[in-house]
Protein chains: 2
Amino acid sequence: MADNHEKIATYIRQNEKYYIQRLAEVVAIPSVSGEAARRPDVFRMGEWLVNELKRLGASVETRAPGKQTLEGKELDLPPVVLGTYGTDAKKKTVLVYGHYDVQPAFKSDGWNTDPWTLVEDSQGRLLGRGSTDDKAPVISWLWVIEAHQKLGIDFPVNLKMCFEGMEESGSEGLDEIIYAEADKYFKDVDCVCISDNYWLGVEKPCLTYGLRGISYFNLTVSGPGKDLHSGVFGGTVHEPMTDLITLMSKLVTVDGKILVPGVYDDVAPRTEAEDKLYQNLAFKLDDIHSATESKTTIFDTEKEVLMARWRNPSLSLHGIEGAFYSPGAKTVIPAKVIGKFSIRTVPNQEPAKITELVRKYIESEFAKLKSKNTISVDCGHAGKWWVADVNHWNYVAASKAVQKVFKASPDFTREGGSIPVTLTFQEALKKSVLLLPMGKSDDGAHSINEKIDKRNYIEGINLLSSYLHEVGVVQV
Amino acid sequence: MADNHEKIATYIRQNEKYYIQRLAEVVAIPSVSGEAARRPDVFRMGEWLVNELKRLGASVETRAPGKQTLEGKELDLPPVVLGTYGTDAKKKTVLVYGHYDVQPAFKSDGWNTDPWTLVEDSQGRLLGRGSTDDKAPVISWLWVIEAHQKLGIDFPVNLKMCFEGMEESGSEGLDEIIYAEADKYFKDVDCVCISDNYWLGVEKPCLTYGLRGISYFNLTVSGPGKDLHSGVFGGTVHEPMTDLITLMSKLVTVDGKILVPGVYDDVAPRTEAEDKLYQNLAFKLDDIHSATESKTTIFDTEKEVLMARWRNPSLSLHGIEGAFYSPGAKTVIPAKVIGKFSIRTVPNQEPAKITELVRKYIESEFAKLKSKNTISVDCGHAGKWWVADVNHWNYVAASKAVQKVFKASPDFTREGGSIPVTLTFQEALKKSVLLLPMGKSDDGAHSINEKIDKRNYIEGINLLSSYLHEVGVVQV
Ligand SMILES: [Zn+2]
Ligand SMILES: [Zn+2]
Ligand SMILES: [Zn+2]
Ligand SMILES: [Zn+2]
């Protein structure tokens, strides 16, 4: 093993130019899932993967998730590409996931270079849309297969691959396919690895073992049958905006405490083991200051910030539908307004219970107002939180791989946002899911000048390779 | 005089068909000031007035208010048409104002008929965009001149006319022209009459002697340097929306009481004389229920509703700029949000003092929040309230004219909204200004299916004529 690791690592480092050229090849395919005109490019990117997998001797199948309507056009959804490399019953089977679609990008948004041409700058950054999210990670799995073939090294596991083309547009149709294939294509899977997130900072690799959930609410206040002029009606009617703003002001304090009674009841108490994971993380207050371009953090210590992001619920007010929102001055009394807010949920909060607590609280606060308007509260979308057992062999293997490649122990991190496919794999396959990021927190996925550092890409290929080797030998 | 009144009234009633046909002629000119493509039609409507005034022997001048940028195009503003009919030093000089532009209208908005074709329905309603706002009133002044000529009756006053083509788009450039002409074209004016509002209800004519003012505020809360994702940052930073909603919730109660300390201090106490004006008004609670298409009125009596609309200040929350406002769900933490609200002001509130009270209150409430965000409060626009002396001879004359034409005393009304030109004439000319409406409250100015009742139009011409006769003889 140790020999193989060094042998593979050396080969991969020697072929840096080749890997960069291949990344340039896929960045040049503008596979934007959110733009109807780019849909053929998304399909083209899917075909690229199918062809490469075949070239490498994997067996490939695709699943068509169906159709969608976008910009008024009915479009075919790009295929979910399923690949299998190896079917040795004596080996473990690892399922890896990634996405081959990307966010939109326009030079005019402020890119320094053409987003569809991979550019290496003087600091070793590889700039281009999709470089870090998620094309480098996806194709790296292929380079791991290829390196083993070139070096004549036995592949350490059976590899199942699931690459989708709609992740940046809500992963339409993916969940259904995963559930449908759970006992079929994904039948023998022993563990899952997703490489589609980022290091906590810029110095140190991490393994990500938790995500918050989200419950998104619409609070509708209805009054008059049509919008009214505030000159004529101001002061004479119960204005829906006044009721809504009053109710929204009762949801959360300025320092982030949620005011809905009972909402904290089911939050899991901190354990000693969890507490330890917060020690020595590669995270400084300056990191959040620079990420928010401000010093408006509520807390004074790194640990408090990370606990607020990872393991405590939060409530954000996003906006209001139906009210005036443009620059300038309009003197309308809106007839019907919809307040939008969401609660980020954590273990062991149950979405259904959260919805009930929110509804009951808002209805009782509204009753106190004695307004003649009417309200309704509904949870438009609820996605559950996810937390994995960091002692599972999947994490033990990943931790050893990080140690081998980076000569350091990984941070164990959680994230504040949701990556819905994680929970889907967890629930459909009932196997350990690991998030194993390749890029850094400053890569700018979804932003202008998206990049992946050359080192993160090349050592990332090494990391994925080592991870598979460690999975191959880890004690179950 | 009495003879002349009947003679003119009979002539006008006999020529009903002619007046309707002439109204159809101007409704067919789609003089929408708010659409760049319709600008030539606004000019065409201005020329129509110039030509008619010349045909009737008035002297006509125009003033060009300059240019504006609309829909990215630089456009000439339509002319202010100034007409003079009669210069007899022994007669009083009456200045009348109206506007020849109209609101946009599209059949697809829900009109039952083509908005640019005047249609008389079975209930005697004349339907068409601009019919009541403000084309019938404007051209009625011309028909008063014409009727006197046809009947060989001496015109009772000198008439000055000021017709603008930008009223529906903020009267750009008008104030400057009025101030510039105050000592020139408008030099000898003794009183002003504006026919551009509506009866309180649908049964009884009114004279309007007051308008509320408006102070429009922007409350800006700034936090992070850019919008943040609530998954990553929710719970860790002071969110501008939370601060803003908290502050906005402290401005007004659900039943309309303004919470800014000191804001009621300068509200004029009710006098016995004012109280009497509220008696026997043609207004029922059902009128506000049908106008708002709801039963969300705060008050249970007509008098309270009208006092809230006319003589008490009110505060309305209009919306938020910078927050999420679309259907659907977006999980943004907006970086900078601007709350929009306005206070309708009444005698004797001073706009500058109101701004200071609002600023001081919001700043002190914000300080209590101990947020790391920053705020600014500014009054984007302040227009003062206006109240006229109902005992002025201008009102006495108008009241007598109503009595003659409608065999009833007029309601004396105020309005909750502002008509800025009223205050401009008042302040520039320092003469009594009277609002003498022709249409009814249900005419639907600015709405689909705008109409003026045939009776209101024809008897409206009579009313304007009688008004000028009464002004001619009233004791000053
Ligand atoms: Zn991604
Ligand atoms: Zn992404
Ligand atoms: Zn008007
Ligand atoms: Zn109007």
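Residues numbered from 1 in each chain as written. Chains lettered and ligands numbered in written order. Predicted model: local features only at pLDDT ≥ 70, side-chain atom pairs only at ≥ 80, totals over all residues. Heavy atoms only, no water.

Colleague: Could you give me a rundown of the domain arrangement of chain A, with the residues and numbers involved?
Modeller: Residue and element names in this part refer to chain A. You can read the domains of chain A as domain 1 (2-211 + 385-473) and domain 2 (213-268 + 311-383). Domain 1 and domain 2 are separated by 38 Å when their C-alpha centres are compared. Note on domain 1 versus domain 2: buried area summed over both sides is about 610 Å², and carbon and sulfur give 58% of it. Among the residues domain 1 hides against domain 2, the three largest losses belong to Trp385, Arg414 and Ser418. Together they make up 78% of the total. At the boundary of domain 1 with domain 2, the tally comes to 0 salt bridges. Between domain 1 and domain 2 we count 2 residue pairs in polar contact (both at pLDDT 80 or more) in total. Of the residues in the side of domain 1 that touches domain 2, the class split is 3 nonpolar, 3 polar and 1 charged. (Domains from an automatic or database assignment. Buried area = accessible area lost by both parts, 1.4 Å probe. Salt bridge = Lys/Arg side-chain N within 4 Å of Asp/Glu carboxyl O. Polar contact = N/O pair within 3.5 Å; in protein donor to acceptor, adjacent residues only side chain to side chain. Nonpolar A, V, L, I, M, F, W, Y, C, P; charged D, E, K, R; others polar.)

Colleague: Just give me the short version of the coordination of the zinc ion (ligand 2), but keep the residues and values in it.
Modeller: All names here are of chain A. Protein ligation of the zinc ion (ligand 2) involves Asp133 (OD), Glu168 (OE), Glu168 (OE) and His446 (NE2), the donor distances falling in the range 2.0 to 2.7 Å. If you look at the zinc ion (ligand 2), its 4 donor atoms make angles of 53 to 136 degrees with each other, and the shape they trace is irregular. Site description for the zinc ion (ligand 2): donor spacing in sequence, D-x34-E-x277-H. A separation of 3.2 Å is found between the zinc ion (ligand 2) and the zinc ion (ligand 1), both of which receive a donor from Asp133. Remark: Glu168 occurs in the loop between strand E8 (158-164) and helix H5 (174-181) and Asp133 occurs in helix H4 (residues 131-151); sequence separation between them is 35 residues. (Donors = N, O, S within 2.8 Å, 3.2 Å for Na, K, Ca; no water. Tetrahedral: all angles 85-135°; square planar, octahedral: opposite > 155°, others 65-115°. Helix = DSSP H or I, 4+ residues; strand = E, 2+ residues; numbered from the N terminus.)

Colleague: So what about the coordination of the zinc ion (ligand 4)? Which residues, and what values?
Modeller: All names here are of chain B. Donor atoms from the polypeptide that bind the zinc ion (ligand 4) are Asp133 (OD), Glu168 (OE), Glu168 (OE) and His446 (NE2), placed at 2.1 to 2.7 Å. If you look at the zinc ion (ligand 4), its 4 donor atoms make angles of 53 to 135 degrees with each other, and the shape they trace is irregular. A spacing of 3.2 Å is found between the zinc ion (ligand 4) and the zinc ion (ligand 3), which share Asp133 as a donor.

Colleague: Please set out the packing of aromatic side chains residue by residue, giving values where relevant.
Modeller: By convention here, two paired aromatic rings are described through the distance between centres and the angle between planes. Tallying each qualifying case throughout the model produces 21 aromatic pairs over all chains. Both rings, one in Phe217 of chain A and one in Phe341 of chain A, keep their centres 5.2 Å apart while their planes meet at 15 degrees; by these two values the pair is stacked. Within this pair, whereas Phe217 of chain A is found in strand E11 (residues 213-222), its partner Phe341 of chain A is found in strand E15 (residues 336-345), the two being separated by 124 residues in sequence. Looking at Phe341 of chain A, the relative accessible area reads 0%, which means it is buried. When the ring of Trp199 of chain B is compared with that of Phe406 of chain B, the centres are 5.7 Å apart and the planes differ by 85 degrees; the resulting orientation is edge-to-face. With Trp199 of chain B in the loop between strand E9 (191-194) and strand E10 (206-211) and Phe406 of chain B in helix H12 (residues 393-406), this residue pair connects regions lying 207 residues apart in the sequence. You'll find Trp199 of chain B and Phe406 of chain B in the same group, each marked buried. (Phe/Tyr/Trp six-rings, centres within 6.5 Å; stacked < 30°, edge-to-face > 60°. Buried < 20%, exposed > 50% of the residue type's maximum accessible area, 1.4 Å probe, protein only.)

Colleague: Provide a residue-level description of the UniProt feature "binding site: Mn(2+) 2" (unreviewed entry) in chain A, including the pertinent values.
Modeller: Residues and elements named next belong to chain A. Taking the UniProt record as the reference, the feature "binding site: Mn(2+) 2" (unreviewed entry) is found at His99, Asp133 and Asp196. For the residues just named, distributed over 98 residues, the greatest C-alpha separation is only 8.1 Å, placing them together at one site. For His99, the position within the fold is in strand E5 (residues 93-99). Look at His99 and you get buried, because its relative accessible area is 0%. Apart from residues lying up to four places away in sequence, His99 is in contact with Asp133, Asp134, Val138, Glu164, Glu167, Glu168 and Asp196. At a separation of 3.0 Å, a polar atom in the side chain of His99 contacts the main-chain carbonyl oxygen of Asp101. (UniProt positions renumbered as here; feature names shortened; annotations may be inferred. Contact = heavy atoms within 4.5 Å.)

Colleague: Summarise the sheet that holds strand E6 (residues 119-120) of chain B; cite the residues concerned and give the values.
Modeller: Paired through backbone hydrogen bonds, the strands of a sheet run either parallel or antiparallel to each other. All names here are of chain B. The antiparallel open sheet is built from 3 strands, whose spatial order is E6-E7-E20. Two strands in the sheet have a free side with no partner beyond their single neighbour: E6 and strand E20 (451-453). Running at roughly 65 degrees to E20, helix H14 (residues 454-473) makes contact with E6, strand E7 (125-127) and E20 of the sheet. (Pairing = 2+ DSSP bridges. Axes fitted to C-alpha atoms, helices over the stretch in contact; angles between N-to-C directions.)

Colleague: Now, about the pairing of E8 of chain A: what can you tell me, with residues and values included?
Modeller: Residue and element names in this part refer to chain A. Most of E8 sits out of view: 7 of its 7 residues are buried. Of the two faces of E8, the one carrying Asn158, Lys160, Cys162 and Glu164 and the one carrying Leu159, Met161 and Phe163 are both buried. Strand direction decides the pairing type here: strand E4 (residues 80-85) and E8, joined by 5 bridges, are antiparallel. Bridge pairing in E8 links Tyr85 to Leu159. Looking at chain direction, E5 and E8 are connected through 7 bridges and run parallel. The partner of Val94 across the bridge, within E8, is Leu159.

Colleague: Outline the packing of helix H2 (residues 16-27) of chain A against helix H14 (residues 454-473) of chain A, listing residues and values.
Modeller: All names here are of chain A. Look at H2 against H14: their axes get within 11 Å of each other, and the N-to-C directions meet at 105 degrees. As judged from the angle between their axes, H2 and H14 are roughly perpendicular. Each of Glu16, Tyr19, Ile20 and Leu23 in H2 lies in contact with H14, whose residues at this interface are Lys454, Tyr457, Ile458 and Ile461. (Parallel < 35°, antiparallel > 145°, perpendicular 65-115°, else oblique.)

Colleague: So, the interface of chain B and chain A: which residues are in play, and what are the values?
Modeller: On the side of chain A, 74 residues touch chain B, which itself brings 74 residues to the contact. For the pair chain B and chain A, the two sides together bury roughly 5,800 Å², of which 58% comes from carbon and sulfur. The interface formed by chain B and chain A contains 2 salt bridges. Residues Glu293 of chain A and Lys226 of chain B are paired through a salt bridge, measuring 3.8 Å at the closest nitrogen-oxygen approach. Among the elements that take part in the side of chain B that touches chain A, strand E13 (residues 314-321) of chain B stands out by supplying 8 residues, more than any other.

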